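Residues per chain are reported as follows:
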Amino acid sequence: MPNVIGCVDCTHISIIRPLMHDTERPPRLYINRKKFYSLNVEATVDSDLIFTSVNPKFPGATHDSGIWMKSPVRNHMKKEFLRNREQHIVLGDKGYPLEPFIFTPYPTPETDNQERFNRLHEQARNTIERSFGVLKAVFRCLLKHRVLHYKPVIAGKITNACFTLYNYMRRNGYNFDQIEGVNEEFENDIALNDGELYRIGLERRETYISALVLASSNEKNSLTEFLECTQSSDSPKEHPQKMFYGFVRRFPELAALVAGNCQNTWKSKYLL
């Protein structure tokens, strides 16, 4: 998806019951919706399945949207947006508020384009779900039933270390393809949406969808024109080879699909 620099989500890391004498964060704050003690760890991941940020400082009862509102990632993106209308976007699930720099799916899509946007959004967000699953499959101390037997601060440092080692392994060619990811994530409640940033986010998401539809339509028309030209029995106005190279320069990804005869890939990759 154009301008998308990554996805954001939270995952719960199970810990033992914290000490009673912590008045600032009593044990009850660490009981999540699934009724076990945990840290709610926010992370962002890019298209290469590399974690670009991790924040293990919040107790399990904290909602994802509450963590996001205090996140250094959000603070940076908000500052850049307000300063120069920065076009970078991250994708979040329905547990996050819609803002100009974070797009969430439509809760109840009403048009075909909105439904297609939701499908495209879900496909893109699969990167962070997959990354969490592989992370916990490799570093099994992070699994729910393993439970980190340390106080929250130490558990957060262990979590940071696991994320760092995961990135190191991925960047250095470790093959994760054969690892079956673990799915321990659970559904979020819908975040409250209001305020000026929400209004701007609504407008920007609609504009984004319109641009995707237009770009996809132009690419499909170019692909149709190219195929009709090369398959026509009549002599084309322009030599097919010359036209093909022009097509490759304009739409390299689509040209690769044509060369591989991958119509199924076309349908899944270019939904709008």
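Bear in mind that the values here come from a model prediction, so they are computed numbers and not experimental data. (Residues numbered from 1 in each chain as written. Predicted model: local features only at pLDDT ≥ 70, side-chain atom pairs only at ≥ 80, totals over all residues. Heavy atoms only, no water.)

Details of the pairing of strand β3 (residues 51-59)
Here strand β2 (residues 38-45) runs beside β3; their pairing, made up of six bridges, is antiparallel. Bridging from a neighbouring strand, alanine 43 pairs with valine 54 of β3. Linkage of β2 to β3, two consecutive antiparallel strands, is achieved through a turn of five residues, within which leucine 49 is found at a positive phi near 65°. (Pairing = 2+ DSSP bridges. Helix = DSSP H or I, 4+ residues; strand = E, 2+ residues; numbered from the N terminus.)

As for the packing of aromatic side chains
Aromatic ring pairs are reported here in terms of the distance separating the ring centres and the angle at which the planes meet. Scanning the model with the defined rule gives nine aromatic pairs in all. Ring geometry for tryptophan 68 versus tyrosine 96: centroids 6.1 Å apart, planes at 85°, classification edge-to-face. Highlighted residues: tryptophan 68 in helix α1 (residues 64-69) and tyrosine 96 in the loop between β4 (89-91) and β5 (102-103), separated in sequence by 28 residues. Each member of the pair, tryptophan 68 as well as tyrosine 96, is classed as buried. (Phe/Tyr/Trp six-rings, centres within 6.5 Å; stacked < 30°, edge-to-face > 60°. Buried < 20%, exposed > 50% of the residue type's maximum accessible area, 1.4 Å probe, protein only.)

Some thoughts on the nonpolar core
Counting residues in hydrophobic clusters, the biggest one holds 32 residues, and the most contacted among them are Phe51, Phe103, Leu142, Phe163 and Tyr166. The biggest single contributor to this core is helix α3 (residues 112-138), with six residues. With near-sequence residues (within four places) excluded, phenylalanine 103 lies in contact with Ile89, Val90, Leu91, Gly92, Leu98, Phe117, His121, Gly201, Arg204, Arg205 and Tyr208. Of all hydrophobic cores here, the second largest spans 13 residues; its members include Phe58, Phe81, Tyr96 and Ile200. (Core = buried A, V, L, I, M, F, W, Y, C linked by side-chain atoms within 4.5 Å. Contact = heavy atoms within 4.5 Å.)

Concerning unusual backbone geometry
The phi angle at leucine 49 is positive, at roughly 65°, despite the residue not being glycine. One can find leucine 49 in the loop between β2 and β3. Unlike most non-glycine residues, valine 147 shows phi in positive territory, near 65°. For valine 147, a relative accessible area of 23% puts it in the partly exposed group.

Focus: the sheet that holds β3
Spatially, five strands are ordered β3-β2-β1-β4-β5 in an open sheet, and the strand pairing comes out mixed. For this open sheet the edge positions go to β3 and β5, each flanked by a neighbour on one side alone. Sheet analysis places strand β1 (residues 4-14) next to β2, joined by eight bridges and oriented antiparallel. Along β2, the bridge assignment pairs threonine 11 with valine 41. Packed on one face of the sheet, α3 meets β1, β2, β3, β4 and β5 and runs near 45° to β1. With respect to the sheet, helix α4 (residues 152-171) is in contact with β1, β2 and β3, its orientation differing from that of β3 by roughly 165°. (Axes fitted to C-alpha atoms, helices over the stretch in contact; angles between N-to-C directions.)

Side note on the side chain of serine 65
Here serine 65 shows up in helix α1. By relative accessible area, which is 17% here, serine 65 ends up buried. Side-chain polar atoms of serine 65 contact the side chain of histidine 63, separated by 2.9 Å. (Polar contact = N/O pair within 3.5 Å; in protein donor to acceptor, adjacent residues only side chain to side chain.)

Things to note about the confidence of the model for the chain
On average, residues of the chain carry a pLDDT of 80, and 75% of them reach 70 or more. The least confident element of the chain, judged by mean pLDDT, is helix α8 (residues 263-269) at 34; the most confident is β2 at 97. In the predicted structure, residues 230-237 sits below a pLDDT of 50 and forms two contacts with residues beyond four places in sequence or in another chain. Note on residues 253-272: pLDDT under 50 across the span, and 34 contacts to partners over four residues away in sequence or across chains. (pLDDT = per-residue confidence, 0-100.)

Section: the pairing of β1
With nine of 11 residues buried, β1 is to be regarded as a mostly interior element. In this structure, β1 lies alongside β4, joined through three bridges in parallel fashion. Residue cysteine 7 lies in a different strand from β4, and its bridge partner there is leucine 91.

Brief notes about the pattern of salt bridges
Taken as a whole and assessed by the stated rule, the structure comprises seven salt bridges. Among the ionic pairs, glutamate 80 bridges to arginine 83, the shortest N-O distance being 3.3 Å. With glutamate 80 and arginine 83 both in helix α2 (residues 72-84) and three residues apart, the pair spans about one turn of that helix. Given a relative accessible area of 16%, glutamate 80 falls into the buried group. The salt bridge partner of arginine 125 is glutamate 129, with a shortest N-O separation of 3.4 Å. Of this pair, arginine 125 and glutamate 129 both sit in helix α3, separated by four residues, roughly a single helical turn. A network of salt bridges, in which partner residues are shared, links Asp9, Asp93, Arg125 and Glu129. (Salt bridge = Lys/Arg side-chain N within 4 Å of Asp/Glu carboxyl O.)

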